[in-house]
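# Secondary and tertiary structure notes
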Amino acid sequence: SQKIEQNSEALNIQEGKTATLTCNYTNYSPAYLQWYRQDPGRGPVFLLLIRENEKEKRKERLKVTFDTTLKQSLFHITASQPADSATYLCALDRTNFGNEKLTFGTGTRLTIIP
Amino acid sequence: IAGITQAPTSQILAAGRRMTLRCTQDMRHNAMYWYRQDLGLGLRLIHYSNTAGTTGKGEVPDGYSVSRANTDDFPLTLASAVPSQTSVYFCASSEDGQFGPQHFGDGTRLSIL
């Protein structure tokens, strides 16, 4: 069955360092992969979308990579700040299984320590 | 401010009661979605609508129904609530039913006793 795994439930990073979050998937061949941020008590907020033919996408301090051979996406936050503390979700489409909707991972809770 | 409005923000409901969660968007998006979010399980799609007048089943549709009479509104109804439907419910929208970014409301926290 299709499965999405995010590297860990929680990740603590010192302020100023680069935070790297991992999203692995099995039994998928997604055309797109998306990353969202979710703060406590709020809905997810879209951050970045990367297509299967793109290796890397950047937005300000954020960088996403997409390796379809490894079936993995890495999400980097450089020069991390306490305000970056949140839960980060990856999501993939399910085109190849006849249901063209997003499937979300369970998320990684990132804490940036001052 | 443009976005998704969900109501109520929270609700405690007796098992067996009927409940409708409301969702309204003002972005004129064609597609709308209902998810539930549970600890350890992440966001799971309940129902979706690619355009007004059409709906489809997601991953966990049992016990829920939806309607899409117009572009802006996408209510979710629990006909007879059960404790396993205790969850946080999120409504979302996107420009179309493909794979573009989804915009989420801030959720309805529902407890079924």
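Data block above holds the structure.
Description of the structure in this document.

Each value, and the rule that gives it
Residues numbered from 1 in each chain as written. Chains lettered and ligands numbered in written order. Predicted model: local features only at pLDDT ≥ 70, side-chain atom pairs only at ≥ 80, totals over all residues. Heavy atoms only, no water. Disulfide = S-S within 2.5 Å. Helix = DSSP H or I, 4+ residues; strand = E, 2+ residues; numbered from the N terminus. Buried < 20%, exposed > 50% of the residue type's maximum accessible area, 1.4 Å probe, protein only. Contact = heavy atoms within 4.5 Å. Buried area = accessible area lost by both parts, 1.4 Å probe. Salt bridge = Lys/Arg side-chain N within 4 Å of Asp/Glu carboxyl O. Nonpolar A, V, L, I, M, F, W, Y, C, P; charged D, E, K, R; others polar.

### Things to note about the state of the cysteines
All names here are of chain A. Here the structure, examined in full by the defined rule, presents two disulfides over all chains. Paired through a disulfide, Cys23 and Cys90 show a sulfur-sulfur distance of 2.0 Å. One quick way to see it: the torsion about the S-S bond of Cys23 and Cys90 is about 65°, and its sign makes the bridge right-handed. Of the two residues, Cys23 sits in strand 3 (residues 19–26) while Cys90 sits in strand 9 (residues 86–93), which places them 67 residues apart along the sequence. Under the relative-accessibility criterion, Cys90 is labelled buried at 0%.

### Some details on the interface of chain A and chain B
Taken together, the contact between chain A and chain B spans 19 residues of the former and 21 residues of the latter. Of the roughly 1700 Å² buried between chain A and chain B on both sides combined, carbon and sulfur atoms contribute 57%. The interface formed by chain A and chain B holds one salt bridge in total. When the shortest N-O distance is used, the salt bridge between Arg42 of chain A and Asp106 of chain B registers 2.9 Å. Mapped onto the side of chain A that touches chain B, the elements with two or more residues apiece are strand 4 (32–38), strand 5 (45–51), strand 9 and strand 10 (102–104) of chain A. Broken down by element, the residue count for the side of chain A that touches chain B peaks at four residues, all from strand 4 of chain A. The class makeup of the residues in the side of chain A that touches chain B is eight nonpolar, seven polar and four charged.

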